[in-house]
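Examining the three-dimensional arrangement
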Amino acid sequence: QLQLVESGGGLVQPGGSLRLSCAASGATLDAYAIGWFRQAPGKEREEISCITSSGKTNYGGSVKGRFLISRDIARNTVDLQIFGLKPEDTAVYYCAAAPGADPSYGDGYCLGRNDFGSWGQGTQVTVSS
């Protein structure tokens, strides 16, 4: 069974950067799309970015050039780099997996999928001076 563990969060000053890591076990990443999400208390979950099972990267419309998703097949990890951190980036960041290609749009697209069935426990990112 696929399991995901996030790491890399912490307390960062505004303008700083972080590299979050999503480590997968129990299955290989090339069989899944992996998405990065975040959720702040009292707010809805937001999808930041995702990478398909074929390695295509997608970014959500709310992203303004400060996020970069990447995959390391050898290490079975998907990282999310965040640059120019702002206080509004404070949230719990999660990664999740959806099996195979998108049933409607194929293996080049992964945003908005409703079949992210495996989730990590999250890593806290706090941006404060």
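Above this text is the structure in question.
Residues numbered from 1 in each chain as written. Predicted model: local features only at pLDDT ≥ 70, side-chain atom pairs only at ≥ 80, totals over all residues. Heavy atoms only, no water.

Let's shift gears to the pairing of strand β9 (residues 91-99). Sheet topology places strand β4 (residues 32-39) next to β9; eight bridges connect them, and they run antiparallel. By the bridge assignment for β9, isoleucine 34 is matched with alanine 97. Relative to strand β11 (residues 123-127), β9 runs antiparallel, the two being bridged by three bridges. Across the sheet, the residue bridging to alanine 91 is valine 125, located in β11. (Pairing = 2+ DSSP bridges. Helix = DSSP H or I, 4+ residues; strand = E, 2+ residues; numbered from the N terminus.)

Another aspect to go through is the environment of lysine 43. Locating lysine 43 in the fold gives a position in the loop between β4 and β5 (46-51). Assessed through its relative accessible area of 59%, lysine 43 is described here as exposed. Remark: the alpha-carbon pair of lysine 43 and alanine 91, spanning 48 residues in sequence, is separated by 9.6 Å. (Buried < 20%, exposed > 50% of the residue type's maximum accessible area, 1.4 Å probe, protein only.)

Once that is clear, we can look at the state of the cysteines. Per the stated rule, a full pass over the model turns up two disulfides. Between the sulfur atoms of cysteine 22 and its disulfide mate cysteine 95 the distance is 2.1 Å. Looking down the S-S bond of the cysteine 22 and cysteine 95 bridge, the torsion is 75°, so its handedness is right-handed. Highlighted residues: cysteine 22 in strand β3 (residues 18-25) and cysteine 95 in strand β9, separated in sequence by 73 residues. Each sulfur in the disulfide pair cysteine 50 and cysteine 110 lies 2.1 Å from the other. One disulfide, between cysteine 50 and cysteine 110, carries an S-S torsion of 100° and so falls in the right-handed class. (Disulfide = S-S within 2.5 Å.)

This paragraph deals with the pattern of salt bridges. Going through the model one piece at a time under the given rule, you end up with five salt bridges. Put simply, arginine 19 and aspartate 79 hold a salt bridge, and the shortest N to O gap is 2.8 Å. You can see arginine 19 sitting in strand β3 and its partner aspartate 79 sitting in strand β8 (residues 77-82), a full 60 residues away along the chain. Taking relative accessible area as the criterion, arginine 19 reaches 46% and is therefore assigned partly exposed. For aspartate 89, the salt bridge is made with arginine 38, and the minimal N-O distance between the two is 2.8 Å. Residue aspartate 89 is located in the loop between β8 and β9, and its partner arginine 38 is located in strand β4; the two are separated by 51 residues in the primary sequence. (Salt bridge = Lys/Arg side-chain N within 4 Å of Asp/Glu carboxyl O.)

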